[in-house]
Amino acid sequence: MYKGKEYRINNRAKIRTIMNLKIKHFVIFITILILCSCREEPKSLVRIEGKILPVADSINQMDSINQFVSPYRNRINQVLDSSLAFAPKIITKEDGRYNSSAGNLLADLVLEMASPVFAAKTGKEIDFVLLNYGGIRSVISPGKVTARTAFEVMPFENNIVVAELDGTTVRELVSFLVNATVPHPIAGLQIVVSKNNRLDSVTIQGKPFDESSVYYVATSDYMITGGDRMDFFKENRSITDTDYLIRNAMIDFFKKMDTIAPAVDNRFTKLN
């Protein structure tokens, strides 16, 4: 009788032990399940949406910001609008077929202002200048010429650079100009074409072009990489950056002059 009772007690103890283990396993399983369900899944970009927010006069000004900016704005406007020179008539890039008043002004002033800078850096002289027609962004209206005028004509941060080109490359350059449909600005270079648009003569600084020579051509850092399809500049033998913005050269030139009156001339002409 005693042994039977002891057996039942032991059996119940085993059952309780087994139940406790099952409960512990169940609790562990539920805990792991909860932890896994709480873990954030990695996020991925589904779509990007954009909205245009126009900045217009309808947006009210903030007096505090306006008061803070006003002294700086007034000073900038004072500097930009100070008269540097005078233009008796309009200066535009559209008044000539082969060269223009605006193009001639820009090329001439680059040659004049950049030559001493290049000479100081290299001991050499600039032979001629070639710029691009599309780089001239505004006319110069009759009246006072200011620093703002320079920003309107040349709004880009383009430096004057000088490319060393051999005679073969210069011949490519001239051929490009002869076949161009717009008058790209040139200075120090004279081109004459025949009635049938064939090249008649080329002179550089008043001397006949010599294909065996090397020439130093001032242009912009935009064109030196082939801008405006002027890929011949990529064939340069060397490049010298003058660290002189074309726009700054314009402002410096205006300061030197009383009157700005460029004209269409014979630097690029066609025989009748």
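The structure this text deals with has already been given above.
If you're wondering where the values come from, they're calculated on a predicted model, not measured in any experiment. (Residues numbered from 1 in each chain as written. Predicted model: local features only at pLDDT ≥ 70, side-chain atom pairs only at ≥ 80, totals over all residues. Heavy atoms only, no water.)

## Considering the pattern of salt bridges
Side chains carrying opposite charge are able to pair once their charged atoms draw close together. One pass over the full model with this rule turns up eight salt bridges. Across the salt bridge formed by Arg267 and Asp108, the nearest N and O atoms sit 3.0 Å from each other. In this pair, Arg267 is assigned in the loop between helix H6 (246-256) and strand E11 (268-270) and Asp108 in helix H3 (residues 101-122), connecting sequence segments 159 residues apart. Classification of Arg267 as buried rests on a relative accessible area of 12%. Among the salt bridges present, the one from Lys121 reaches Asp243, with a minimum N-O distance of 3.6 Å. Taken together, the residues Lys121 in helix H3 and Asp243 in strand E10 (residues 238-245) connect sequence positions 122 residues apart. Residue Asp243 is classed as exposed on the basis of its relative accessible area, which comes to 58%. Bridged by salt links that share partners, the residues Asp108, Asp265 and Arg267 form one connected network. (Salt bridge = Lys/Arg side-chain N within 4 Å of Asp/Glu carboxyl O. Helix = DSSP H or I, 4+ residues; strand = E, 2+ residues; numbered from the N terminus. Buried < 20%, exposed > 50% of the residue type's maximum accessible area, 1.4 Å probe, protein only.)

## Concerning H3
Its 22 residues place the ends of H3 31 Å apart at the C-alpha level, agreeing with the 32 Å of an ideal helix rising 1.5 Å per residue. Along H3, the largest kink reaches about 35° and is centred on Ala114; proline Pro116 follows within four residues of it. Where H3 terminates, the next one or two residues include Gly123, which has phi positive at roughly 75°. (Expected span 1.5 Å × (residues − 1). Bend = angle between axes of the 7 residues up to and from the residue.)

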